[in-house]
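# Tertiary structure, described
Residue-level listing of the chains:
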Amino acid sequence: MPAPGPPIGILAELTHRCPLQCPYCSNPVDLLKANRELSTQTWTEIFHQAADLGVLQVHMSGGEPTLRQDLEELVAALSARSVYTNLITAGVNLSKDRIKVLKEAGLDHVQLSIQGATAEVTELIGKHKKGFAQKMQTAEHVRALGLPLTVNAPIHRHNIHQVADFIDLALQLDADRLEIANVQYYGWAYLNRSSLLPALEDVERQVEIVEDARARLKGVLNIDFVTPDYYADYPKPCMGGWAQDAFVIVPDGTVLPCHAAQTIKGLNFENAAETPLAEIWDASPTFEKYRGFEWMSEPCKSCPRRELDRGGCRCQAFAVTGDAAQTDPACILSPHHDKLRNVAVEASAESPGAFSYRRL
């Protein structure tokens, strides 16, 4: 199926380098070293192509994007084309002066990832001493400089008991938005799945806390909630659907329809340093493979929910069934649904094992 229209957004993974070692990281286990990263000039050319294509927003991520010394230049290039820029950062190496320079370059928004609502949990997950205090200072600087702030809280077994505390923390930091994001099990998270999956009763309690807070804080704090697939009855549309309105560019310029698409065997991906973005978006066989509905088999093909979930996650379907065209096992109509649920139930019943920490 051809592209449904111009893309709205790009997740630009500028680097895989990161000062943290989070065991739930969505980056691939085979991380790209600095010598594989695109140059300033190449990223700038790609971003100009993105603006020409109609992209409205670029989420600058990693790894840790602030490790790129040219970040200000990249932000300025996007700002000059009126593209909205969101910096997704761990916030442990950002001075107030650098945030100021980034704002002057045109940065529109900061999304701060916090691993725990306390220093103890933050340092357990990120393996970065004094990381929590540095994150609090970064949030303070962001708000003092007048930039909008989102707090991103990746949720798993080791911090799900802190959901209410994350809400209080977001209020304390004067955040505009809080994302309670249950970990998605790809990359390092898949490797550590048995140590990260929470228990069903904890997930159900989490839902109650979030729903109550949403009602109580309406108009005060915008709370987004990314539900856990392993306990879901229906899937969610991954990135709005496979190559529907957004895509990912990894540090070496490879262009993906979603974060974990490289886990699907047999797919070939173009590189934005070699192939124009417009050509990739409009005509890439990999992008077209799971667009729309023609690729679907039953029960997805005739399901009234197909417009809502776009078939769910192709990467999860491949990971569980070995066939990316299968129904997402998060769906209760999938013959593999119980398999996915049982993985979570069995893992959460056991004591968590040691993490395989993310390392480059």
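Everything that follows concerns the structure shown earlier in this document.
Analysis parameters
Residues numbered from 1 in each chain as written. Predicted model: local features only at pLDDT ≥ 70, side-chain atom pairs only at ≥ 80, totals over all residues. Heavy atoms only, no water. Helix = DSSP H or I, 4+ residues; strand = E, 2+ residues; numbered from the N terminus. Polar contact = N/O pair within 3.5 Å; in protein donor to acceptor, adjacent residues only side chain to side chain. Core = buried A, V, L, I, M, F, W, Y, C linked by side-chain atoms within 4.5 Å. Buried < 20%, exposed > 50% of the residue type's maximum accessible area, 1.4 Å probe, protein only. Contact = heavy atoms within 4.5 Å. Arc of directions from axis to C-beta. 1 Å grid on protein atoms, 1.4 Å probe; cavity = no way out; pocket = protein on both sides within 12 Å on 5 of 7 lines; lining within 4 Å. Points joined across faces, edges and corners; volume = space filled by probe spheres on them. Nonpolar A, V, L, I, M, F, W, Y, C, P; charged D, E, K, R; others polar. Phe/Tyr/Trp six-rings, centres within 6.5 Å; stacked < 30°, edge-to-face > 60°. Lys NZ or Arg CZ within 6 Å of the ring centre and 35° of its normal.

## Topic: the environment of Arg-205
Its place among the elements puts Arg-205 in helix H9 (residues 200-216). One polar contact links Arg-205 to Glu-208, side chain to side chain, over a distance of 3.2 Å.

## Some remarks on the nonpolar core
Membership of the largest hydrophobic core comes to 108 residues, with the highest contact counts inside it found for Ile-10, Phe-47, Val-58, Met-60, Ile-114, Ile-180 and Leu-277. With 6 residues, helix H1 (residues 40-53) is the single largest residue contributor to this core. Not counting chain neighbours up to four residues away, the residues in contact with Ile-180 comprise Ala-153, Ile-155, Val-163, Phe-166, Gln-206, Val-210, Ile-223, Asp-224, Phe-225 and Val-226.

## Here we look at helix H6 (residues 163-172)
Buried residues of H6: Val-163, Phe-166, Ile-167, Leu-169 and Ala-170, and no others. Down the axis of H6, the smallest arc covering the buried residues is 165°, so these residues share one side. Where H6 is buried, its residues meet helix H5 (131-144), strand E5 (149-155), strand E6 (177-182) and H9. Phi turns positive, to about 60°, at Asp-174, one or two residues after H6.

## Structural notes on the environment of Ile-88
For Ile-88, the location among the structural elements is in strand E3 (residues 84-89). The spatial distance from the C-alpha of Ile-88 to the C-alpha of Glu-13 is 9.7 Å, given a sequence separation of 75 residues. Leaving out residues up to four positions away in the same chain, Ile-88 has contacts with Leu-11, His-59, Met-60, Ser-61, Pro-65 and Gln-111.

## Considerations on empty space enclosed by the protein
Taken as a whole and assessed by the stated rule, the structure comprises 2 cavities of 30 Å³ or more. Approximately 80 Å³ is the volume attributed to the largest cavity. Considering the residues around the largest cavity, the lining is formed by Pro-235, Pro-299, Cys-300, Cys-303, Arg-306, Asp-309, Gly-311, Gly-312, Thr-327, Cys-331 and Leu-333. Empty space within the second largest cavity amounts to approximately 60 Å³. Forming the walls of the second largest cavity are Ile-155, Asn-182, Val-183, Tyr-185, Leu-197, Pro-198, Pro-228, Asp-229 and Tyr-230. Taken together, the residues of the lining of the second largest cavity sort by class into 7 nonpolar, 1 polar and 1 charged.

## Side note on the packing of aromatic side chains
All chains considered together, the criterion is met by 8 aromatic pairs. Taking the centre distance of 5.7 Å and the plane angle of 40° together, the rings of Phe-247 and Trp-281 count as tilted. Residue Phe-247 is found in strand E8 (residues 246-249), and its partner Trp-281 is found in helix H10 (residues 277-283); the two are separated by 34 residues along the sequence. Under the relative-accessibility criterion, Phe-247 is labelled buried at 1%. Grouped by ring-pair contacts, the aromatic residues Trp-242, Tyr-290 and Trp-295 constitute a single cluster. The side chain of Arg-305 reaches across the aromatic face of Tyr-234, ending 4.1 Å from its centre. A cation over a ring is seen here: Arg-306 above Phe-293, with NZ or CZ 4.2 Å from the ring centre.

Geometric descriptors of this kind do not, in isolation, establish any biological role.
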